[in-house]
Amino acid sequence: MFNRRKFLQSSFLSSMGLAFAKKDMGTEYVYPNVLNNPVVISTWDAGLEANKAAWEVLNKGGRALDAVEKGVMVTESSLNCCVGLGANPDRDGYVTLDACIMDDRFNCGGVAFLERIKHPISVARRVMEKTPHVLLVGIGAQQFAVAEGFPLEEQKLSESAEKAYQDWLKKSEYKPVINVENTKAQAFAPHKLPNGEWNHDTIGMVAMDASGNLSGSCTTSGMGFKMRGRVGDSPIIGAGLYVDNEVGAATSTGQGEDVIRICGTHTVVEFLRQGFSPEQACKKAVERIYKAKGESARSIQVGFLALNKKGEIGAFCLQKGFTYAVKNNKEEKLYSAKSWF
Ligand code: GLY
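The shown structure was predicted, so the numbers you read here are calculated from the model rather than taken from an experiment.

**A look at the site of the ligand**
Reasoning step 1: Lining the immediate surroundings of the ligand are 9 residues, of which T202, R230, D233, G254 and G256 lie closest.
Reasoning step 2: Within the backbone of G256, an N or O atom sits 2.8 Å from an oxygen atom of the ligand.
Reasoning step 3: When its residues are assigned to classes, the shell around the ligand shows no nonpolar, 6 polar and 3 charged.

**Comments concerning helix α6 (residues 159-171)**
Reasoning step 1: Looking only at α6, the buried set comprises A161, Y165 and W168. All buried residues of α6 fall inside an arc of 65° around its axis, so they share one side. The exposed residues of α6 that point more than 90 degrees off its buried face are E159, K163 and K170.

**Describing the sheet that holds strand β15 (residues 338-339)**
Reasoning step 1: Overall, mixed pairing links the 5 strands, which are arranged β9-β10-β11-β12-β15 in an open sheet. Each having just a single partner strand, β9 (241-244) and β15 make up the two edges of the open sheet.
Reasoning step 2: Here helix α9 (residues 264-273) sits on the sheet in contact with β9, β10 (248-254) and β11 (302-308), set at roughly 145° to β10.
Reasoning step 3: Packing of helix α10 (residues 278-293) onto the sheet brings it into contact with β11, β12 (313-317) and β15, and relative to β12 it is tilted by some 20°.

**Some details on the sheet that holds strand β3 (residues 39-43)**
Reasoning step 1: With respect to topology, 8 strands assemble into an open sheet ordered β6-β5-β4-β8-β7-β3-β13-β14, the strand pairing being mixed. Of all the strands in the sheet, just β6 (135-137) and β14 (332-336) have a single pairing partner and so form its edges. Here the average twist between neighbouring strands, direction ignored, is 10°.
Reasoning step 2: For strand β7 (residues 203-208) and strand β8 (residues 214-220), the ladder comprises 6 bridges, and the chain directions are antiparallel. By the bridge assignment for β8, V206 is matched with G216.
Reasoning step 3: Lying over the sheet, helix α4 (residues 120-130) contacts β4 (97-102), β5 (108-114), β6 and β8, oriented at roughly 130° with respect to β5.

**Focus on the packing of aromatic side chains**
Reasoning step 1: Counted by the stated rule, this structure contains 9 aromatic pairs.
Reasoning step 2: Taking the centre distance of 5.3 Å and the plane angle of 40° together, the rings of Y290 and W340 count as tilted. Residue Y290 is located in helix α10, and its partner W340 is located in the segment after β15; the two are separated by 50 residues in the primary sequence.
Reasoning step 3: Each ring, one from F322 and one from Y324, has its centre 6.4 Å from the other, and the planes form 40°; the classification is tilted. Comparing F322 with Y324 shows no difference in burial state: the two are buried.
Reasoning step 4: Aromatic rings pair up to connect W44, F322, Y324 and Y335 into one cluster.

**Looking at the pairing of β5**
Reasoning step 1: For β5, a buried count of 6 out of 7 residues is recorded, marking the element as mostly surrounded by other parts of the structure.
Reasoning step 2: One ladder, built from 5 bridges, connects β4 with β5; its direction is antiparallel. Pairing of L97 across the sheet is with L114, part of β5.
Reasoning step 3: In the sheet, β5 pairs with β6 via 3 bridges, with the strands oriented parallel. Paired with A112 across the two strands is V137, which belongs to β6.
Reasoning step 4: You can see the chain leave β5, run along α4 and come back into β6, and the turn it takes is left-handed.

**Observations regarding the environment of M208**
Reasoning step 1: Assignment of secondary structure puts M208 in strand β7.
Reasoning step 2: By relative accessible area, M208 is classed as buried at 1%.

**Notes on the packing of helix α2 (residues 47-58) against helix α3 (residues 64-77)**
Reasoning step 1: At a closest axis distance of 7 Å, the pairing of α2 and α3 adopts a crossing angle of 150°. In terms of orientation, α2 lies roughly antiparallel with respect to α3. By crossing handedness, the relation of α2 to α3 is classed as right-handed. Of the residues in α3, those touching α2 at E49, A50, A53, A54, V57 and L58 are A64, D66, A67, K70, G71, V74 and T75.
Reasoning step 2: Of the residues contributing to the contact of α2 with α3, the split by class is 8 nonpolar, 2 polar and 3 charged.

**Looking at unusual backbone geometry**
What is expected of a backbone is that most residues other than glycine have negative phi and most peptide bonds are trans.
Reasoning step 1: One non-glycine residue, R116, adopts positive backbone phi at about 65°.
Reasoning step 2: Along the chain, R116 falls in the loop between β5 and α4.
Reasoning step 3: Residue R116 is classed as partly exposed on the basis of its relative accessible area of 26%.
Reasoning step 4: At F225, a residue that is not glycine, the phi angle is positive and equals roughly 65°.

The rules behind each value
- Residues numbered from 1 in each chain as written.
- Predicted model: local features only at pLDDT ≥ 70, side-chain atom pairs only at ≥ 80, totals over all residues.
- Heavy atoms only, no water.
- Near = heavy atom within 4 Å.
- Polar contact = N/O pair within 3.5 Å; in protein donor to acceptor, adjacent residues only side chain to side chain.
- Nonpolar A, V, L, I, M, F, W, Y, C, P; charged D, E, K, R; others polar.
- Buried < 20%, exposed > 50% of the residue type's maximum accessible area, 1.4 Å probe, protein only.
- Helix = DSSP H or I, 4+ residues; strand = E, 2+ residues; numbered from the N terminus.
- Arc of directions from axis to C-beta.
- Pairing = 2+ DSSP bridges.
- Contact = heavy atoms within 4.5 Å.
- Axes fitted to C-alpha atoms, helices over the stretch in contact; angles between N-to-C directions.
- Phe/Tyr/Trp six-rings, centres within 6.5 Å; stacked < 30°, edge-to-face > 60°.
- Right-handed = clockwise from strand over helix to strand, strands pointing away.
- Parallel < 35°, antiparallel > 145°, perpendicular 65-115°, else oblique.
- Left-handed = near helix turned anticlockwise from the far one by under 90°.

Set out below in C-alpha coordinates:
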(Lines give C-alpha, C1' and ligand atoms only; values in the text may rest on other atoms or scores of the structure.)
Protein backbone atom coordinates (compact mmCIF):
# COMPACT_ATOMS: atom_id res chain seq x y z
CA MET A 1 0.00 0.00 0.00
CA PHE A 2 2.79 2.42 0.87
CA ASN A 3 5.97 1.43 -0.93
CA ARG A 4 9.52 2.74 -0.75
CA ARG A 5 9.26 4.56 -4.08
CA LYS A 6 6.19 6.44 -2.91
CA PHE A 7 7.95 7.24 0.37
CA LEU A 8 11.02 8.63 -1.42
CA GLN A 9 8.77 10.68 -3.67
CA SER A 10 6.96 11.99 -0.58
CA SER A 11 10.21 12.81 1.19
CA PHE A 12 11.54 14.57 -1.88
CA LEU A 13 8.41 16.65 -2.24
CA SER A 14 8.38 17.47 1.45
CA SER A 15 12.01 18.55 1.37
CA MET A 16 11.22 20.77 -1.60
CA GLY A 17 8.44 22.31 0.47
CA LEU A 18 5.83 21.13 -2.01
CA ALA A 19 2.49 19.88 -0.78
CA PHE A 20 1.74 18.20 -4.08
CA ALA A 21 2.98 17.61 -7.60
CA LYS A 22 0.95 18.19 -10.70
CA LYS A 23 1.29 15.12 -12.86
CA ASP A 24 -0.30 15.72 -16.22
CA MET A 25 -1.92 18.88 -17.50
CA GLY A 26 -3.98 19.44 -14.40
CA THR A 27 -6.08 16.32 -14.67
CA GLU A 28 -4.29 14.20 -12.12
CA TYR A 29 -2.62 15.20 -8.90
CA VAL A 30 -0.42 13.23 -6.59
CA TYR A 31 -0.70 14.14 -2.92
CA PRO A 32 1.65 11.80 -1.11
CA ASN A 33 0.20 10.57 2.15
CA VAL A 34 3.52 10.99 3.95
CA LEU A 35 2.24 9.59 7.22
CA ASN A 36 0.47 6.65 5.57
CA ASN A 37 -2.62 7.37 7.60
CA PRO A 38 -5.76 6.73 5.61
CA VAL A 39 -8.78 7.71 7.61
CA VAL A 40 -12.54 7.87 7.27
CA ILE A 41 -14.87 9.91 9.46
CA SER A 42 -18.64 10.19 9.35
CA THR A 43 -21.55 11.70 11.20
CA TRP A 44 -23.58 10.12 13.99
CA ASP A 45 -23.63 6.61 15.46
CA ALA A 46 -24.58 5.10 12.10
CA GLY A 47 -21.16 6.22 10.91
CA LEU A 48 -19.54 3.29 12.72
CA GLU A 49 -21.09 0.74 10.35
CA ALA A 50 -20.65 2.96 7.32
CA ASN A 51 -16.96 3.49 8.14
CA LYS A 52 -16.38 -0.27 8.14
CA ALA A 53 -17.48 -0.47 4.49
CA ALA A 54 -15.38 2.56 3.58
CA TRP A 55 -12.38 1.07 5.36
CA GLU A 56 -12.55 -2.09 3.24
CA VAL A 57 -11.73 0.14 0.28
CA LEU A 58 -9.14 2.34 2.02
CA ASN A 59 -7.33 -0.58 3.63
CA LYS A 60 -6.70 -2.13 0.22
CA GLY A 61 -5.20 1.11 -1.06
CA GLY A 62 -8.41 2.10 -2.87
CA ARG A 63 -9.56 5.61 -3.72
CA ALA A 64 -11.21 7.79 -1.10
CA LEU A 65 -13.95 8.45 -3.66
CA ASP A 66 -14.87 4.76 -3.80
CA ALA A 67 -14.66 4.52 -0.01
CA VAL A 68 -17.09 7.37 0.67
CA GLU A 69 -19.61 6.02 -1.83
CA LYS A 70 -19.48 2.45 -0.47
CA GLY A 71 -19.56 3.72 3.11
CA VAL A 72 -22.78 5.72 3.00
CA MET A 73 -24.51 3.08 0.86
CA VAL A 74 -24.64 1.00 4.06
CA THR A 75 -26.70 3.70 5.77
CA GLU A 76 -28.88 4.23 2.71
CA SER A 77 -29.76 0.52 2.86
CA SER A 78 -30.80 0.65 6.50
CA LEU A 79 -34.55 0.67 7.03
CA ASN A 80 -34.61 2.22 10.48
CA CYS A 81 -32.76 5.33 9.62
CA CYS A 82 -33.40 8.87 8.47
CA VAL A 83 -31.33 8.19 5.38
CA GLY A 84 -32.58 6.25 2.37
CA LEU A 85 -35.99 4.87 1.48
CA GLY A 86 -36.75 3.65 5.02
CA ALA A 87 -36.84 7.23 6.27
CA ASN A 88 -39.72 9.48 7.24
CA PRO A 89 -41.70 11.01 4.37
CA ASP A 90 -42.59 14.58 3.57
CA ARG A 91 -45.97 16.05 4.56
CA ASP A 92 -47.61 14.40 1.58
CA GLY A 93 -46.33 10.97 2.55
CA TYR A 94 -43.50 10.61 0.03
CA VAL A 95 -39.87 9.86 0.88
CA THR A 96 -37.63 12.24 -1.05
CA LEU A 97 -33.87 11.90 -0.96
CA ASP A 98 -30.90 14.26 -1.36
CA ALA A 99 -27.22 13.36 -1.81
CA CYS A 100 -23.93 14.63 -3.16
CA ILE A 101 -20.37 13.45 -3.68
CA MET A 102 -17.08 15.27 -4.35
CA ASP A 103 -13.65 13.98 -5.29
CA ASP A 104 -10.09 15.24 -5.01
CA ARG A 105 -10.19 17.18 -8.29
CA PHE A 106 -13.20 19.47 -7.70
CA ASN A 107 -15.44 17.03 -9.56
CA CYS A 108 -18.81 16.85 -7.88
CA GLY A 109 -22.36 15.66 -8.43
CA GLY A 110 -25.64 15.69 -6.60
CA VAL A 111 -29.29 14.72 -6.68
CA ALA A 112 -32.18 16.31 -4.82
CA PHE A 113 -35.88 15.59 -4.33
CA LEU A 114 -35.24 12.11 -5.70
CA GLU A 115 -37.91 9.46 -5.15
CA ARG A 116 -37.95 5.64 -5.29
CA ILE A 117 -34.22 5.15 -5.80
CA LYS A 118 -32.38 3.18 -3.14
CA HIS A 119 -28.90 4.66 -3.52
CA PRO A 120 -29.01 8.39 -4.27
CA ILE A 121 -25.27 8.63 -3.55
CA SER A 122 -24.51 6.39 -6.52
CA VAL A 123 -26.80 8.44 -8.75
CA ALA A 124 -24.95 11.56 -7.54
CA ARG A 125 -21.69 9.92 -8.60
CA ARG A 126 -23.11 9.18 -12.05
CA VAL A 127 -24.20 12.82 -12.34
CA MET A 128 -20.61 13.76 -11.57
CA GLU A 129 -19.05 11.26 -13.94
CA LYS A 130 -21.52 11.06 -16.81
CA THR A 131 -23.14 14.45 -17.20
CA PRO A 132 -21.87 17.98 -17.73
CA HIS A 133 -23.95 19.04 -14.69
CA VAL A 134 -23.52 19.12 -10.94
CA LEU A 135 -27.09 18.76 -9.67
CA LEU A 136 -30.17 16.97 -10.98
CA VAL A 137 -33.49 17.18 -9.15
CA GLY A 138 -36.89 15.52 -8.94
CA ILE A 139 -38.30 13.65 -11.87
CA GLY A 140 -35.29 14.54 -14.03
CA ALA A 141 -32.95 12.97 -11.49
CA GLN A 142 -35.18 9.90 -11.34
CA GLN A 143 -35.31 9.58 -15.13
CA PHE A 144 -31.52 9.82 -15.27
CA ALA A 145 -31.19 7.17 -12.54
CA VAL A 146 -33.50 4.78 -14.38
CA ALA A 147 -31.67 5.39 -17.66
CA GLU A 148 -28.46 4.50 -15.82
CA GLY A 149 -29.97 1.18 -14.73
CA PHE A 150 -31.00 1.98 -11.15
CA PRO A 151 -34.19 0.06 -10.26
CA LEU A 152 -37.30 2.07 -9.47
CA GLU A 153 -38.35 0.85 -6.02
CA GLU A 154 -41.91 0.45 -4.77
CA GLN A 155 -43.46 3.63 -3.37
CA LYS A 156 -44.05 2.31 0.15
CA LEU A 157 -43.17 3.62 3.58
CA SER A 158 -41.20 1.46 5.98
CA GLU A 159 -43.17 0.22 9.00
CA SER A 160 -41.59 2.74 11.37
CA ALA A 161 -42.01 5.62 8.90
CA GLU A 162 -45.67 4.74 8.32
CA LYS A 163 -46.30 4.78 12.06
CA ALA A 164 -44.45 8.07 12.55
CA TYR A 165 -46.33 9.63 9.64
CA GLN A 166 -49.73 8.52 10.95
CA ASP A 167 -48.84 10.00 14.35
CA TRP A 168 -47.76 13.24 12.74
CA LEU A 169 -50.91 13.48 10.64
CA LYS A 170 -53.10 13.47 13.75
CA LYS A 171 -51.94 16.95 14.71
CA SER A 172 -50.64 18.37 11.51
CA GLU A 173 -52.27 21.21 9.67
CA TYR A 174 -51.45 21.10 6.01
CA LYS A 175 -50.22 24.60 5.41
CA PRO A 176 -46.76 26.00 4.95
CA VAL A 177 -45.53 27.74 8.08
CA ILE A 178 -42.38 29.80 7.98
CA ASN A 179 -39.70 28.24 10.15
CA VAL A 180 -41.87 25.21 10.77
CA GLU A 181 -38.72 23.10 10.80
CA ASN A 182 -37.72 24.94 13.97
CA THR A 183 -40.86 24.05 15.79
CA LYS A 184 -43.46 21.51 14.88
CA ALA A 185 -41.66 19.28 12.43
CA GLN A 186 -38.62 19.07 14.63
CA ALA A 187 -40.64 17.90 17.58
CA PHE A 188 -41.60 14.92 15.45
CA ALA A 189 -38.27 14.50 13.74
CA PRO A 190 -36.86 11.06 14.34
CA HIS A 191 -33.43 12.44 15.09
CA LYS A 192 -34.78 14.02 18.26
CA LEU A 193 -35.18 11.31 20.85
CA PRO A 194 -37.93 11.43 23.51
CA ASN A 195 -35.38 12.43 26.13
CA GLY A 196 -34.55 15.48 24.07
CA GLU A 197 -31.24 14.25 22.74
CA TRP A 198 -30.44 14.30 19.06
CA ASN A 199 -30.03 11.18 17.00
CA HIS A 200 -28.72 11.05 13.43
CA ASP A 201 -30.50 12.46 10.38
CA THR A 202 -27.96 12.75 7.63
CA ILE A 203 -24.83 10.77 7.03
CA GLY A 204 -21.89 12.83 5.87
CA MET A 205 -18.55 11.12 5.32
CA VAL A 206 -15.09 12.38 4.38
CA ALA A 207 -11.97 10.28 3.86
CA MET A 208 -8.30 10.43 3.00
CA ASP A 209 -6.79 7.48 1.14
CA ALA A 210 -3.29 5.99 1.18
CA SER A 211 -2.31 8.33 -1.65
CA GLY A 212 -3.30 11.30 0.48
CA ASN A 213 -6.31 12.22 -1.63
CA LEU A 214 -9.56 13.40 -0.09
CA SER A 215 -13.18 12.80 -1.06
CA GLY A 216 -16.57 13.14 0.59
CA SER A 217 -20.19 12.07 0.40
CA CYS A 218 -23.42 13.19 2.03
CA THR A 219 -26.88 11.62 1.86
CA THR A 220 -30.19 12.18 3.61
CA SER A 221 -33.97 12.04 3.46
CA GLY A 222 -33.92 15.56 4.87
CA MET A 223 -36.21 16.75 7.57
CA GLY A 224 -39.13 14.50 8.51
CA PHE A 225 -42.52 15.84 7.34
CA LYS A 226 -40.93 18.68 5.42
CA MET A 227 -42.88 20.63 2.83
CA ARG A 228 -43.03 18.80 -0.47
CA GLY A 229 -40.11 19.91 -2.61
CA ARG A 230 -37.99 21.09 0.32
CA VAL A 231 -34.28 20.50 -0.20
CA GLY A 232 -31.73 20.95 2.57
CA ASP A 233 -27.98 21.36 2.64
CA SER A 234 -27.00 17.76 1.99
CA PRO A 235 -26.98 17.74 -1.85
CA ILE A 236 -25.53 21.26 -2.10
CA ILE A 237 -21.81 21.43 -2.73
CA GLY A 238 -20.32 23.91 -0.25
CA ALA A 239 -23.22 23.49 2.16
CA GLY A 240 -23.54 19.79 3.10
CA LEU A 241 -20.15 18.80 1.70
CA TYR A 242 -16.98 20.38 0.41
CA VAL A 243 -13.58 18.99 -0.55
CA ASP A 244 -10.47 20.92 -1.51
CA ASN A 245 -7.67 18.42 -1.92
CA GLU A 246 -5.02 21.01 -1.13
CA VAL A 247 -6.58 21.86 2.20
CA GLY A 248 -9.17 19.51 3.62
CA ALA A 249 -12.76 18.33 3.54
CA ALA A 250 -15.87 18.91 5.61
CA THR A 251 -19.44 17.69 5.91
CA SER A 252 -22.43 18.81 7.91
CA THR A 253 -25.59 17.57 9.56
CA GLY A 254 -28.59 19.11 11.24
CA GLN A 255 -30.89 21.87 10.09
CA GLY A 256 -29.94 22.33 6.47
CA GLU A 257 -31.43 25.78 6.02
CA ASP A 258 -28.96 27.23 8.50
CA VAL A 259 -26.04 25.41 6.93
CA ILE A 260 -26.97 26.77 3.50
CA ARG A 261 -27.19 30.32 4.93
CA ILE A 262 -23.47 30.32 5.72
CA CYS A 263 -22.26 27.97 2.93
CA GLY A 264 -21.31 25.80 5.88
CA THR A 265 -18.76 23.27 4.69
CA HIS A 266 -17.08 25.66 2.28
CA THR A 267 -16.72 28.02 5.22
CA VAL A 268 -15.14 25.25 7.31
CA VAL A 269 -12.66 24.42 4.54
CA GLU A 270 -11.73 28.09 4.16
CA PHE A 271 -10.99 28.22 7.90
CA LEU A 272 -8.79 25.13 7.45
CA ARG A 273 -6.98 27.03 4.69
CA GLN A 274 -6.33 29.86 7.14
CA GLY A 275 -4.55 27.39 9.39
CA PHE A 276 -7.23 26.58 11.95
CA SER A 277 -7.38 23.02 13.24
CA PRO A 278 -10.38 20.94 12.09
CA GLU A 279 -12.16 21.44 15.42
CA GLN A 280 -11.47 25.19 15.44
CA ALA A 281 -12.61 25.49 11.82
CA CYS A 282 -15.89 23.70 12.65
CA LYS A 283 -16.34 25.87 15.74
CA LYS A 284 -15.88 29.06 13.73
CA ALA A 285 -18.58 27.95 11.28
CA VAL A 286 -20.92 27.15 14.19
CA GLU A 287 -20.12 30.57 15.65
CA ARG A 288 -21.18 32.14 12.37
CA ILE A 289 -24.56 30.41 12.62
CA TYR A 290 -24.90 31.57 16.21
CA LYS A 291 -24.07 35.15 15.18
CA ALA A 292 -26.68 34.97 12.41
CA LYS A 293 -29.43 33.51 14.58
CA GLY A 294 -28.60 34.60 18.09
CA GLU A 295 -30.42 32.82 20.87
CA SER A 296 -32.90 31.29 18.42
CA ALA A 297 -30.03 28.97 17.50
CA ARG A 298 -30.90 27.16 20.72
CA SER A 299 -33.85 25.51 18.99
CA ILE A 300 -31.87 23.91 16.18
CA GLN A 301 -28.99 21.52 15.76
CA VAL A 302 -26.14 21.86 13.28
CA GLY A 303 -22.92 19.86 13.40
CA PHE A 304 -19.78 20.06 11.27
CA LEU A 305 -17.07 17.44 10.81
CA ALA A 306 -13.72 18.13 9.14
CA LEU A 307 -10.50 16.45 8.03
CA ASN A 308 -7.30 18.19 6.98
CA LYS A 309 -4.43 17.06 4.74
CA LYS A 310 -2.44 15.80 7.72
CA GLY A 311 -5.26 13.41 8.51
CA GLU A 312 -6.26 15.44 11.58
CA ILE A 313 -9.96 15.43 12.40
CA GLY A 314 -12.34 17.58 14.39
CA ALA A 315 -15.99 18.43 14.87
CA PHE A 316 -18.19 21.02 16.54
CA CYS A 317 -21.94 21.47 16.91
CA LEU A 318 -24.56 23.83 18.32
CA GLN A 319 -26.26 21.47 20.78
CA LYS A 320 -24.81 18.64 22.80
CA GLY A 321 -25.43 15.21 21.34
CA PHE A 322 -23.72 15.20 17.94
CA THR A 323 -21.59 12.09 17.60
CA TYR A 324 -19.14 11.16 14.87
CA ALA A 325 -17.36 7.95 13.99
CA VAL A 326 -13.66 7.60 13.17
CA LYS A 327 -11.82 4.69 11.56
CA ASN A 328 -8.10 4.60 10.81
CA ASN A 329 -5.12 2.29 11.32
CA LYS A 330 -5.27 2.84 15.06
CA GLU A 331 -8.88 3.12 16.09
CA GLU A 332 -12.52 2.54 15.35
CA LYS A 333 -14.41 4.82 17.65
CA LEU A 334 -17.40 7.05 18.24
CA TYR A 335 -16.73 10.54 19.62
CA SER A 336 -19.03 13.25 20.98
CA ALA A 337 -18.44 16.65 19.45
CA LYS A 338 -17.99 19.70 21.64
CA SER A 339 -20.92 22.09 21.44
CA TRP A 340 -21.64 25.82 21.46
CA PHE A 341 -24.41 25.55 24.04
N1 GLY B 1 -29.06 18.23 6.99
C2 GLY B 1 -30.11 17.59 6.34
C3 GLY B 1 -31.19 18.47 5.91
O4 GLY B 1 -31.41 19.52 6.48
O5 GLY B 1 -31.88 18.11 4.98
